[in-house]
Amino acid sequence: MIVFQILLTLVTIVGLLMKNFFCVILLSLCFGAVAQDVHFTQWMHAPQTYSPASIGDFDGKYRFHANYRNQWSSVTVPFVTFAIMAESNSIDKVPGLGAKIGLVYDVTGDSKFSTTHIDLGVGYTLPLHDSLGEFRIGIQPTITQKKIALEALTFDNQYNGYFFDASLESGENIPRLSRWYFDLSLGFQYKIQITKRFEGRTSLALFNILQPKQSFFNNENILLDKRWSWQIDGKYQINKKVELQPGIQFSAQGEFYSINFGSLFDYNFSKTEYFNQTVFFGAYFRAFDSGDLIIGVNYDRLKAAISYDINYSGLTPASNFRGGVELAIIYIIPYPKKLPQFKFCPVH
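This structure is a prediction, so every number in the text was calculated from the model and none was measured. Sequence order as written defines the numbering, with residues in each chain counted from 1. Totals for whole chains, interfaces and linings use every residue, but because this is a predicted model, local features are given only for residues with pLDDT of at least 70 and side-chain atom pairs only at 80 or more, for both listing and counting. To get the side-chain values, all heavy atoms of the structure are used, and hydrogens and water are removed first.

Caption draft 1: Spatial organisation of the overall build of the protein chain. For the purposes of this entry, the term helix denotes a DSSP run of H or I that reaches at least four residues, the term strand denotes a run of E that reaches at least two, and both are numbered from the N terminus. Helix and strand counts for the protein chain stand at two helices and 14 strands. Exposed residues in this analysis have more than 50% of their type's maximum accessible area, buried residues have under 20%, and partly exposed residues fall in between, with area computed by a 1.4 Å probe over protein chains only. A buried classification covers 43% of the 348 residues belonging to the protein chain.

Caption draft 2: Quick look at the pattern of salt bridges. Whenever Lys or Arg places a side-chain nitrogen within 4 Å of a carboxyl oxygen from Asp or Glu, that contact is recorded as a salt bridge. Inspection of every chain in the model, using the stated rule, returns 10 salt bridges. The salt bridge involving Asp-119 is made with Lys-100; its shortest N-O contact spans 2.8 Å. One end of the pair, Asp-119, is in strand E4 (residues 113-126); the other, Lys-100, is in strand E3 (residues 97-108), and 19 residues separate them in sequence. Just as Asp-119 is buried, Lys-100 falls in that class too. Lys-191 is the salt-bridge partner of Glu-134, the closest N and O atoms lying 4.0 Å from each other. Note that Glu-134 is positioned in strand E5 (residues 134-147) and Lys-191 in strand E6 (residues 178-195), a separation of 57 residues in sequence. What emerges from the salt-bridge pattern is a single network uniting Asp-57, Glu-134, Lys-191, Arg-201 and Asp-233.

Caption draft 3: Representation of the side chain of Ser-307 in the model. As for its placement among the helices and strands, Ser-307 is situated in strand E13 (residues 302-311). Two N or O atoms form a polar contact when they lie within 3.5 Å of each other; inside protein one atom must be a possible hydrogen donor and the other a possible acceptor, and for residues adjacent in sequence the pair counts only when both atoms belong to side chains. Within polar-contact distance, the side chain of Ser-307 engages the side chain of Gln-42 at 3.1 Å. In what follows, a contact means two residues having at least one pair of non-hydrogen atoms within 4.5 Å. Discounting chain neighbours no more than four positions away, the residues touching Ser-307 are Thr-41, Gln-42, Leu-293, Ile-294, Gly-324, Val-325 and Glu-326.

Caption draft 4: Region of the structure containing the confidence of the model for the protein chain. The pLDDT value tells you how sure the predictor is about a given residue, anywhere from 0 up to 100. Of all residues in the protein chain, 82% have pLDDT values of 70 or greater, and the mean over the chain is 83. Low pLDDT, under 50, characterises residues 1-35; the stretch is placed with 60 contacts to residues that sit more than four places away or in other chains.

Caption draft 5: Expanded view of the environment of Tyr-274. Of note, Tyr-274 is situated in the loop between strand E10 (256-268) and strand E11 (277-286). Residue Tyr-274 is classed as exposed on the basis of its relative accessible area, which comes to 67%.

Caption draft 6: Spotlight on the pairing of strand E7 (residues 198-207). In terms of residue burial, E7 counts as a mostly covered element, since nine of its 10 residues are buried. As judged from the nine bridges shared by E6 and E7, these two strands associate in the antiparallel manner. Note that in E7 the partner of Gln-193 across the bridge is Glu-199. Here, a strand pair is defined by DSSP locating no fewer than two bridges between the strands. Between E6 and E7, which pair antiparallel in sequence order, lie two residues. As judged from the 10 bridges shared by E7 and strand E8 (residues 227-237), these two strands associate in the antiparallel manner. When the bridges of E8 are listed, Gly-200 appears paired with Gly-234.

Caption draft 7: Representation of the environment of Ile-333. By secondary structure assignment, the location of Ile-333 is in strand E14 (residues 322-333). Relative accessible area serves as the criterion here: at 32%, Ile-333 is assigned to the partly exposed category. Through-space distance from the C-alpha of Ile-333 to that of Gly-60 is 5.8 Å; in sequence the pair is 273 residues apart.

Pasting the structure below:
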């Protein structure tokens, strides 16, 4: 019954949002998506990775994010990713204008192949009539460095006929071990309060718009593929205590794609509306790859979550169903409360 309710909620969200967001989706079909970018299982807790339009989309003055992921430690040298971000939803008291600064670092394999993104971004809310919801647009310039380290690698030329000799030259001629480039991403988001108990949201983003060069061998034909990111999620208040939060996230880059779908259940045990206390849990599935279990808490302005990927892809014989652990922490600083200029004494 719960599964049916999740599916029904997702279908309702898709239908209602697509009716208002159709033009943006049509635009995405006009451009073909032409290495995969860094991604997190908890995409809903890592907005910097799925759409620049999410910049400033929160209730408060400042928001801080931290994400950590450790993957494939049971198979090989772990793939480690972490990200930090700080953002504001108001610049110079301009309503609807938000800004962010963020860092994403990813390192993989014996060669310590690393990718470091340093990004800035702005998001703006376009005012609509109350019944039409909210439309946001965001843009995110990024400076990226990719590099490798050869110290831990071995090559055929370092075998002297009897044993491996690390002092011998590798014989490899790699023109560069590091590469910097500038890139750009653009995102759109639409959110609407469909009923008193039901809120829906969808967003579409395009990353790697400039398709920068990638080759360490100065091959001008090797470019970074564009990445399309599209997600639909919602909140449905089942009762005063329980909220259903289903979502679908689709990403396509070159010949690769991924689909994440699932839901979180949020249970509210707050004693007062002024101090938020909830616990949430749920599962997401990455098609043909893994199942992801997520659990976390909201404690006033702090959100903390942990997830674990259970791998069921073709790598199962090596991974033994073990994938990766991921942590997410979000903290929001609220606007200071405005106190009244005058105090009123009660009449006795």
